[in-house]
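Residues per chain, in single letters:
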2 protein chains.
Amino acid sequence: MVKARHSRFDCTPGCSVEAAIGLIDGKWKSIILWHLLSGTLRFNEIRRHMQNCTPRMLTNQLREMEEDGLITRKVYAQVPPKVEYSLSDLGRTMEPILRALKTWGDENIGLYGKPVGHDPRDTA
Amino acid sequence: MVKARHSRFDCTPGCSVEAAIGLIDGKWKSIILWHLLSGTLRFNEIRRHMQNCTPRMLTNQLREMEEDGLITRKVYAQVPPKVEYSLSDLGRTMEPILRALKTWGDENIGLYGKPVGHDPRDTA
DNA sequence: CATGACAGTATCCTTTTCGACACTATGTGC
DNA sequence: GCACATAGTGTCGAAAAGGATACTGTCATG
C-alpha cells in the first residue's frame, strides 16, 4: 500500500476508487488474491506460486489483508503446523475487479510489463 | 508504483493482474484516471480535484502515465501556457477496471478507508 | 509597478516499502 | 542424532515513494 492516502474518503467521487486500490496494491496482494480465487491455500503453497517473495513479505501481505477482512486464516493445532488461507466473503466480492485486471493485463501487457505498443524491445 | 515488480510477466497466470495494477497504483494515478474518464482536463483543473497533491507529484504521475501510454498530453503554444490531458485509447480501455473499483469501493469502503465491518470507529 | 494565472522545476528531507539473511519450535523419517 | 518440513519472526539496510517549500518565465490585469 502506498502510504495512508487519506484519512477520510468523502472528499471526491474518485476516492472510493483509490480506497479500493489501496487494499490490493502492495507488491504481492493482487497475486495472492488471484491465486486464492481458485481455492484455499497453505502458506508454503502460496510461496511456491511466488518464487521470489520472502516469507517475511508474504506474512506481511497476508496479515494486512486479514486485517482488512479480505482473507481468513485458519490455524490447525498440529505439528508440523498447518495454516490455511482463503478468501472471505468480502474478498470474494473482489472477483470482478481481479478479473477485470486480469483481462486487461492479458490483452494489453507485453511480456515485459509495459503496455503493448510501448514495448522496451523497440528501443533496446 | 511499488517498485519494479518483475522484469518479465510470463511467470505465472497471476502476473498480468499485477502488471495491470502496477500501472494504476501510485498515490494519485487512479484518481487522475477516474477524473479523466469524464473528459479532458488541464493541469490545474486536475490539481483542484486533488487538493493535497503537490504539483511535483502531479507532474510525476502524469508523466509516468504518459510514458505508459495511458494518457496523452497536448501542449498549446500559448501564454499563459495551456496543457490538456486526456485518456488515450489504451487509457479508455481501463474504464471497466476503474468502474469495478469504484463500484466495489462505494459498496464496501466506509468513510475511513477501511472495508465496512472493519470500521476503526468500533475501537476508537 | 505589482500581482496573479499558468504549467511546471529544483532541492531537500522524511517516510514507507521491500529484500537478504538468519533464526525459532516441534515432530517425523533416516 | 541429523536433517527436513511447517509457518513463521527479527534485524538490518537499501531503495523508492512521497511531501514541503521555493522558484522559473511570460503575459494580462489592476
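Here goes a summary of the coordinates provided. Nothing here was measured: the structure is a model prediction, and the numbers come from that model.

Conventions we followed
Residues numbered from 1 in each chain as written. Chains lettered and ligands numbered in written order. Predicted model: local features only at pLDDT ≥ 70, side-chain atom pairs only at ≥ 80, totals over all residues. Heavy atoms only, no water. Pairing = 2+ DSSP bridges. Helix = DSSP H or I, 4+ residues; strand = E, 2+ residues; numbered from the N terminus. Contact = heavy atoms within 4.5 Å. Axes fitted to C-alpha atoms, helices over the stretch in contact; angles between N-to-C directions. Parallel < 35°, antiparallel > 145°, perpendicular 65-115°, else oblique. Nonpolar A, V, L, I, M, F, W, Y, C, P; charged D, E, K, R; others polar.

## Focus on the pairing of strand 2 (residues 71-76) of chain A
All names here are of chain A. Bridge count between strand 2 and strand 3 (residues 82-87): six bridges; the pairing is antiparallel. Bridging from a neighbouring strand, Y76 pairs with K82 of strand 3. Counted between consecutive antiparallel strands, the loop separating strand 2 from strand 3 contains five residues.

## Focus on the sheet that holds strand 2 (residues 71-76) of chain B
Residues and elements named next belong to chain B. Judged by pairing direction, the sheet is antiparallel, and its three strands sit side by side in the order 1-3-2 without closing on themselves. This sheet does not close on itself; its edge strands, each paired only once, are strand 1 (41-42) and strand 2. As paired strands, strand 1 and strand 3 (residues 82-87) are joined by two bridges and run antiparallel to one another. Its bridge partner being in strand 3, R42 is matched across the sheet by E84. In the packing of helix 2 (residues 29-37) onto the sheet, the strands contacted are strand 1, strand 2 and strand 3, and the crossing angle to strand 3 comes to about 90 degrees. Packed onto the sheet, helix 4 (residues 55-67) meets strand 2 and strand 3 and runs at close to 115 degrees relative to strand 2.

## Focus: the packing of helix 2 of chain B against helix 4 of chain B
All names here are of chain B. Running from N to C, helix 2 and helix 4 point in directions that differ by 70 degrees, and their axes come no closer than 10 Å. Between helix 2 and helix 4, the interaxial angle falls into the category roughly perpendicular. Contacts between helix 2 and helix 4 involve K29, I32 and L33 from the former and L58, Q61, L62, E64 and M65 from the latter. Class assignment for the residues of the contact of helix 2 with helix 4 results in five nonpolar, one polar and two charged.

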